[in-house]
Amino acid sequence: MTATRIDGKAFAARLRERVGEHAASFEKATARKAGLAVVLVGEDAASQVYVGAKGKATLAANMASFEHRLPSDATSEALMTLVQQLNEDDSVDGILVQLPLPDHLDEQSIIAAISPDKDVDGFHVINAGRLSVGQAGFVPCTPLGCMMLLTDRLGDLSGLEAVVIGRSNIVGKPMAQLLLDANATVTIAHSRTKDLAAVVRRADIVVAAVGRPQMIGKDWLKDGATVIDVGINRLPPEPGKEKGKLVGDVAFDEASEVAAAITPVPGGVGPMTIAVLLRNTLVAAHRNAGLEAPADL
Ligand code: GUN
């Protein structure tokens, strides 16, 4: 079998297109744009790239982008004051504080200061709680994007065996919750799981979010499995090259011999994250304006 490549890049482009159209309708209906505020503390190179990309994507989707940059030695009070101002600003529907924060700032207490109704990352404990009891809230962007790819590919997930490898608050745990809500039978596996390969071999759906380059080979996979690879790992550079190749947690070529469908890295899950962030922001804007969010978001 040669697996179908799940084209997250194309799916994300279509979602961004829909968000842009609905954002234009939102502006017509409310005489204001939906707005996303992104806060970056410090000079982390990767974070600067992500924040720049988020700002551009927000503008391209007919929404307002507010970027706030604080120096790497910003105090917790300064960051809290900014978050509080954004909570109170009616032109801001979504707030994202780019992680990781510098070591002297406590991520959990900063996230806790964001209004849960503007927490478009879905990181606030209120939103984690809402997800776990089935109330409408905000779901972290990466697992929600994975879920969109899975339901697009498989339709009804009822009764399927799903194994999520990784138990982070940002990906693994919310992913498992979403799969459970879709009536899959869910196992969360992690670095201490005994005979991980045997556990993964049971799965109709594998979601890999461990951060270990190409850990999951073809002998870990059941014939016909659907594989979602959340990993983004850079291999050491080959001789004469400046940068190493980007790979996922799954050995793509050999896994493709066994799986029915698989996301590539890059071009799979990665592009979904920003698209879902825009989607969450527009949903937030509708809720904040007392409007029902469009059903196809
Ligand atoms: N850093 C890397 N990815 C993310 C994300 O999705 N949200 C936030 N806030 N920070 C990140």
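Note: the structure precedes this text.
Here's what I pulled together on the structure shown here. (Residues numbered from 1 in each chain as written. Predicted model: local features only at pLDDT ≥ 70, side-chain atom pairs only at ≥ 80, totals over all residues. Heavy atoms only, no water.)

## Comments concerning the state of the cysteines
Evaluation of the coordinates by the stated rule reveals 0 disulfides. Of the cysteine sulfurs around Cys141, a residue in no disulfide, the closest is that of Cys146, at 11 Å. You can call Cys146 buried: its relative accessible area is 0%. (Disulfide = S-S within 2.5 Å. Buried < 20%, exposed > 50% of the residue type's maximum accessible area, 1.4 Å probe, protein only.)

## Regarding the environment of Val120
Structurally, Val120 can be placed in the loop between helix H4 (107-113) and helix H5 (125-133). When its relative accessible area of 0% is taken as the criterion, Val120 is described as buried. Through-space distance from the C-alpha of Val120 to that of Asp93 is 8.5 Å; in sequence the pair is 27 residues apart. Beyond its immediate chain neighbours, meaning those up to four positions away, Val120 contacts Leu36, Gly94, Ile95, Phe138, Cys141, Leu277, Asn280, Thr281 and Ala284. (Helix = DSSP H or I, 4+ residues; strand = E, 2+ residues; numbered from the N terminus. Contact = heavy atoms within 4.5 Å.)

## Some thoughts on the nonpolar core
Buried together is how nonpolar side chains tend to be arranged in soluble globular proteins. Ranked by size, the top nonpolar core spans 55 residues in total, and within it Leu179, Val207 and Ile228 carry the most contacts. For this core, the elements supplying multiple residues, two or more each, are helix H1 (8-30), strand S2 (35-41), helix H2 (45-60), helix H6 (141-154), strand S5 (161-165), helix H7 (172-181), strand S7 (205-208) and helix H10 (270-288). Among the elements that take part in this core, H10 stands out by supplying 10 residues, more than any other. If near-sequence neighbours (up to four positions away) are discounted, Ile228 is found in contact with Ile6, Cys146, Leu149, Leu150, Val206, Val207, Ala208, Thr263 and Val269. (Core = buried A, V, L, I, M, F, W, Y, C linked by side-chain atoms within 4.5 Å.)

## Focus: H6
For H6, which comprises 14 residues, the first-to-last C-alpha distance of 20 Å matches the rise-based estimate of 20 Å (1.5 Å per residue) to within 8%. By the burial criterion, the buried members of H6 are Cys141, Thr142, Pro143, Leu144, Gly145, Cys146, Met147, Met148, Leu149 and Leu150. Here the buried face of H6 lies against H1, H7, S7, strand S8 (226-229) and H10. Once H6 finishes, Gly155 follows within two positions and takes phi at roughly 70 degrees, a positive value. (Expected span 1.5 Å × (residues − 1).)

## Description of the sheet that holds strand S6 (residues 185-189)
Reading across the sheet, the 6 strands line up as S1-S11-S8-S7-S5-S6 and stay open at both edges, with parallel pairing between neighbours. Only two strands of the sheet have a single partner each, and these edge strands are strand S1 (4-5) and S6. Looking at chain direction, S7 and S8 are connected through 4 bridges and run parallel. In the strand pairing of S8, Val207 is matched with Ile228. Relative to S8, H6 is tilted by about 160 degrees, and along the sheet it contacts S1, S7, S8 and strand S11 (261-262). (Pairing = 2+ DSSP bridges. Axes fitted to C-alpha atoms, helices over the stretch in contact; angles between N-to-C directions.)

## Concerning the site of the ligand
As a matter of local geometry, the ligand sits amid Leu96, Val97, Gln98, Leu99, Asp121 and Phe123. Gln98 is positioned such that a nitrogen or oxygen atom in its side chain is 3.0 Å from a nitrogen atom of the ligand. Along the lines of polarity and charge, the residues of the shell around the ligand split into 4 nonpolar, 1 polar and 1 charged. (Near = heavy atom within 4 Å. Polar contact = N/O pair within 3.5 Å; in protein donor to acceptor, adjacent residues only side chain to side chain. Nonpolar A, V, L, I, M, F, W, Y, C, P; charged D, E, K, R; others polar.)

## Notes on the sheet that holds strand S4 (residues 94-97)
In sheet architecture, strand pairing relies on hydrogen bonds along the backbone and comes in two forms, parallel and antiparallel. Ordered by their spatial adjacency, 3 strands build an open sheet running S3-S2-S4, and the pairing between neighbours is parallel. Two strands bound the open sheet, and with one partner strand each, they are strand S3 (64-70) and S4. Neighbour-to-neighbour, the strand axes of this sheet turn through a mean angle of 15 degrees, independent of strand direction. Pairing of S2 with S3 involves 7 bridges; the strand directions are parallel. By the bridge assignment for S3, Val39 is matched with His68. Across the sheet, helix H3 (residues 76-88) lies against S2, S3 and S4, angled at about 180 degrees from S2, the strand it touches most.

## Digging into the pairing of S5
Of all the 5 residues making up S5, 4 are buried; the element is thus mostly covered by neighbouring parts of the structure. Two elements, S5 and S6, share 5 bridges in a ladder whose sense is parallel. Directly across from Glu161, in S6, lies its bridge partner Thr185. As defined by bridge partners, S5 adjoins S7 across 4 bridges and the pair is classed as parallel. Within S7, the residue paired with Val164 across the bridge is Val207.

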